[in-house]
Structures are given as C-alpha cells and as structure tokens.
Amino acid sequence: MKEFDIEEELKKLPNLPGVYLMHSDSEEILYVGKATSLHNRVRQYFRKGHGHGGSPKITKMVSQIAYFEYIVTGSEMEALVLECNLIKEYRPRYNTLMTDDKGYPYIRVTVDEDYPRILYSHQMRRDKSKYFGPYTDAGAVHDIIQLVNKLFRLRSCSRSLPKEIDRERPCLYYQIGQCTGPCSSSLVNKEDYNEQIRQAIRFLKGDTRDLVNDLKQRMKDHAANMEFEKAAEVRDLIESISHIMDKQRMTDTNADNRDIIAFARGEKDTVITVFFIRDGQLLGRENHHMSADPEESDDFVLTEFIKQYYSSTPYIPKEILTRIPILDPEILLSYLSEKKGQKVTLLQPQRGDKASLLGLAEDNAKLVLEQDMERIRKKEKRTTGAVREIAEILHIPSASRMEAFDISNISGYHSVASMVVFENGEPRRNAYRKFRLRTVEGPDDYASMKEVLSRRYTNEKLGPLPDVLMMDGGKGQVHIAEMVLDSLGLEIPVCGMVKDDHHRTRGLYYKDQEVIFPKGSEAMHMVTALQDETHRFAITYHQLLRSKGQVHSILDDIEGIGEKRRRALLLHFKTIEALQTATVEEIAALPEMNRRSAEAVFSFFHRKQEQSEEQSSDQT
C-alpha cells in the first residue's frame, strides 16, 4: 500500500471552502485552518518562498506534516465556525498563539428589562436574555446592532428604566429620530416600546426579506438624488445584513447531540461519513470504509454499518440522521435505546437545517470516495484494524475503548497519575483525566493505583467502562489492578504493557503470560503509541504541578541544595531511602557535590531520624 503522497493529494484538492487538518506521522493534529478555496490555501504551505513559507513556526510545522485531510463546507462562514469548534476540541499545538480559545460574539436582547436593549456580548450567559449567534464577524455584529437600534428606534443608553424615567431630558438620539424616548413618560409607553422589540427580534431571527428590499429601494433613491454618501451607508448596511444572516449550517441552534450519517458508493468501495454534533455544534467527523457487494441495497449497507459502528462505540447520540431509512428500525432502535439508557431516534430530514447538514456530509463522503480511498484504508488498518488485532490476540470480544494508567513519582516527589483513553484506535483527549493522589504519601505503587482506580471506576461521570485496561508495567501492576477491580466487583480484562531492555514495547502481560506481538504489527504500534502517550501525559502533569510549586520534594527542604544537586542525588541514589543510609563520603563523591553540601544532606536526614525517634519515645 503506497504512502500518502502529498504532491498527488494536493492536485486533488477541490476549489471549495472548507477546513483542513494537518497531521503528523503519529496522528497528532498539528494545525487546523479554514479556507475560501482549499485548493489554493493548502497548496501554499508546500510552496517554498510563497504564502506561509516565510514563517519559521509554520515552516517547522510543515516539516512535521505526514498527511492532511479536509472537510468541505457550504460557505466561508461555515468554515470559520467549524474551524473554531475543531480548535477548541483538539487544541493543536501550532494554533495556540493564534486562535486558541477564540470566541465568537453574540447579540443579546435584554428581554428581562422593562425597556429592553440590544447589546453586544462576548459570551452566552445563563440569564433571562435572548441570545442570537454565535457570529464570526465582530464588526458586522456591531453594524447590525446599530442598524436594529436605528431601524426600530430602540434605546442604546444604560439608564435604569423605569426607575430613571423623567429624571433628565431625552438624549440626542431622540432629537434626531433614532430613539422613541422611553426615558420620558410622555413619549412612548411600555407596550408600544415592547412591540418594537418584538419586531426587532423577528428581524434577528432572519425575517429580513422585506427590510432588505426596502433598503435597496432607499439606496436607489439616494443615488438618484445624488446623495452618494447616504447611498453608500445604506449599501454597507445591506452587506452587513447579508453577511451576518448568512445561513450557518455548522452551528445547530438545537443544542441536542446527534450523529449525521451519509455515504457514497463506488463499484467496490463504500465510504461512510459520520458528522458529530455535540451541544449543538459540529465538533468533527470520521470517514469509514466498507466493502459492499454492488448488488446489496443502500438500506442494507447503511443498516449493517449502524449495527457494527454503534455496537463498538461507547457513546450513542440522542438522534441519528440519515438520508434513507434503515431495515428493521424498531429492533435496532430498541437495541440502541437500551444501550444508551434513553430513547434514540432515527430521522430522515427532507428540508431545513438538518437536511442541509446531511447534504454536506454526503458531499464530503463523495469527495473521500473519489480522492482519499487509499489513505482511508491505510488509516483504518492503523486504527480499527489494530484494535481488532489486539482483541484477537487477547481473545476478548472487543478492544474498542482502551484505558491506560501511569503513576508518576520521582523518588521523594508526591505521586500523580494519568488516565489516557483510546477509542477505535485513536486518542480521545477530551476523555483524558489527571489525578493528584490524596491518601498516599511516598512512592507506594499499590496504594497509588488502588486510589486512582477506585476513584475512576466509582465515578460514572468519567465515562463508560473500557473494554480493556492497560497498565504501564508488568506482572506487579497487573495484579494490583486486578485486585482493585475485583474489590469493586468489576470484570475488565487487565494487561501490562511490557518493554524490552531498550525501553521499547515488546508485548502485553495478560493472564499471567506474556503475549509477544508479531514484529512490526499494527497491534504492537498501537500499544506502543498508547504506552508513550500515557507516560507523556503523566510526566507533563507532574512537571506542570512542580513548576507551580504544587509538588514538593523532601530535598527542597535542605539548605544549599539546588535543582542541579537534587537531580544528581536522585539519579545516583535512585531512592530517598538509599540516600538516607549513605555516608558523607559517598555523597561527597558525586561531581556536583562538595564536602560542605554532603554534610548538609547527611545532617538533614540524621537530624530528622533523631527527631522521629524522639517523638516515638515520647509517645511510648
């Protein structure tokens, strides 16, 4: 099977708007970007001396790209919203300085006030106001707010009404006819003002056709009267309306969770595209390959996919959208509802936003079938293929969800733990968890693992149970985990990820036997990636806490012993216990130490030992 040929794939890029994702050879998403034309934008990254090539940061990123993928959208605005959602989901390292935590504004209508206002808001709050958005152009939002206030003659002041009615004369906006003057009791009553608010809300909901037609006529009238500046102002307002009211299929106003399933079929291959809508926003998609006989009907292929996919996927959404109905829907939906614990529905939308999203998923499936079939096969071999291989090697029903744990303690440092989750062969970083140990002092692996596993598997909020539990270690760690799970009444297969003398993953320790992978197998690569990710995540967390001063070493308390000497002592003596029993001469023999610092270390531990003995004597 050929490698991903970037030059060949660049030729296949469509001249359409969308979002692109740059991947490393370890499947890490390096960068997420949007484009008006995917064909033009993505090609810029690989042209020397052009486009993004001048940035050292992007040049470094490009050198790490193993392959890229893309999602076609219906407009540039959809690409903007999807880009934001994907960045927040994956937090790619090369997006951090530019668009990490990027937020889009809302239009807020303060309907809880007696005389409501229309305001700009950076976020949606849990209050009684009505919110419209999010929108991708802050400037256009300001224009629309100004336009709505002007058109419907709404107040833009911060006066507390009706408390401050008649305290001052109406402001300039009333004088120039841009406000009805609710600050004066003689100008407009509450009922009439709120009717204006209702009309404004209708406008914000998209009822703009009559208004736009009126503005176009006004623009023509201004131009006919040689009032070109006024005509230009009206033209800009029309453009702002068109811009901000552009349909955003990528953000669903109904905050339900749903999957959108579409497929495209060729002579031998079928591509299934699944879009994930979570809390009303499109967070991502997956492409799956199926080998289907040309004589098999579309509804049969779709039904088979849904059965296989959701039987091995931990999360099942509330709604599943497809273009065509499935076979035996009552039985399948009963199964999915029982597995989810609440009713699951299957819809075939024919019009509206849901149908538009379904059409977009179908467009993407067709593009993948035409252009990316080779890469999809290769990726599935590395991910779901490796998962199946692991399950077959271990003789377990499934390994779709794997959870791995690692305890990180550096001699005298407090322990921390990490939990890493792989689903269908890919990291699910939003399911990762960090644990600061609460009940364990010192490097006690059994007590540490007992606490972490107990906290993980007694907390339903931390996700569904895994198909298999992977421990970063061999026989000892596996038996510890098995004892903890047994005490909790859980039956989860437990494996130890074993390394060879060169610290490379060699195989799995399972049921008191070591399972050796075929050399170069996808299963071995998968377990290696899981073990490396688990260790990296634990060490990163430990380093973070230490940098913040939240993790303390007993060596920190010795005067005159800095970071360099602490490190040298730990590397040489390995444990605090060994250091405690060392002589002054043995400590001073280290190149980083001198006689004075060695005596300080020796004195510190022996003074603590004497204090401990005195306390024990007093208690006796």
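Residues numbered from 1 in each chain as written. Predicted model: local features only at pLDDT ≥ 70, side-chain atom pairs only at ≥ 80, totals over all residues. Heavy atoms only, no water.

*Asks:* How do you make sense of the overall build of the protein chain when you look at a structure like this?
*Replies:* Scanning the protein chain from terminus to terminus reveals 22 helices and 19 strands. Across the 620 residues of the protein chain, 47% fall into the buried class. In the protein chain, the share of contacts with a sequence separation of at least 24, taken over all contacts with a separation of at least 6, comes to 61%. Summed over all atoms, the accessible surface of the protein chain reaches about 32500 Å², with 47% contributed by carbon and sulfur. (Helix = DSSP H or I, 4+ residues; strand = E, 2+ residues; numbered from the N terminus. Buried < 20%, exposed > 50% of the residue type's maximum accessible area, 1.4 Å probe, protein only. Contact = heavy atoms within 4.5 Å. Areas by Shrake-Rupley, 256 points an atom, 1.4 Å probe, with all protein chains shown as cover.)

*Asks:* Which parts of the structure should I look at to understand the pairing of strand S1 (residues 18–23)?
*Replies:* For a regular strand, the rule is simple: side chains alternate between the two faces of the sheet. Taken across its six residues, S1 has six buried, putting it largely inside the fold. The two faces of S1 match: Gly18, Tyr20 and Met22 on one face and Val19, Leu21 and His23 on the other face are all buried. The sheet contact formed by S1 and strand S3 (residues 67–72) spans six bridges and is antiparallel. The partner of Tyr20 across the bridge, within S3, is Tyr70. Relative to strand S2 (residues 29–35), S1 runs antiparallel, the two sharing six bridges. Along S2, the bridge assignment pairs Val19 with Lys34. (Pairing = 2+ DSSP bridges.)

*Asks:* Help me understand the confidence of the model for the protein chain, please; the structure alone is not making it clear to me.
*Replies:* Predicted coordinates in regions of low pLDDT should not be interpreted in detail. Looking at the protein chain, the pLDDT average stands at 78 and 80% of residues meet or exceed 70. In this model, residues 96–103 is a region of pLDDT below 50 whose contacts with residues beyond four sequence positions or in other chains number 13 contacts. Considering only residues more than four positions removed or in separate chains, one finds that residues 247–255, a stretch of pLDDT under 50, has 32 contacts. (pLDDT = per-residue confidence, 0-100.)

*Asks:* How do you make sense of unusual backbone geometry when you look at a structure like this?
*Replies:* Note on backbone geometry: most residues besides glycine have negative phi, and most peptide bonds are trans. Along the chain, Leu161 connects to Pro162 via a cis peptide bond; the corresponding omega equals 10°. Residue position: Pro162 is located in the loop between helix H6 (138–151) and helix H7 (172–175). A positive phi angle, close to 70°, is found at Asp166, a residue other than glycine. Classification of Asp166 by relative accessible area gives partly exposed; the value is 47%. Residue Met226 is not a glycine yet carries a positive backbone phi of 65°. You can see Met226 is positioned in the loop between helix H9 (209–224) and helix H10 (228–244).

*Asks:* Honestly, the pattern of salt bridges in this entry has me stumped. Any pointers?
*Replies:* Two side chains carrying opposite charge are able to pair once their charged atoms lie near each other. A full pass over the atoms with the stated rule returns 22 salt bridges. Residue Glu514 is joined to Arg506 by a salt bridge in which the shortest nitrogen-to-oxygen separation is 2.6 Å. In this structure, the salt-bridge partner of Arg536 is Glu533, at a minimum N-O distance of 3.0 Å. Separated by three residues within a single helix, Arg536 and Glu533 lie in helix H18 (residues 522–547), roughly one turn from each other. (Salt bridge = Lys/Arg side-chain N within 4 Å of Asp/Glu carboxyl O.)

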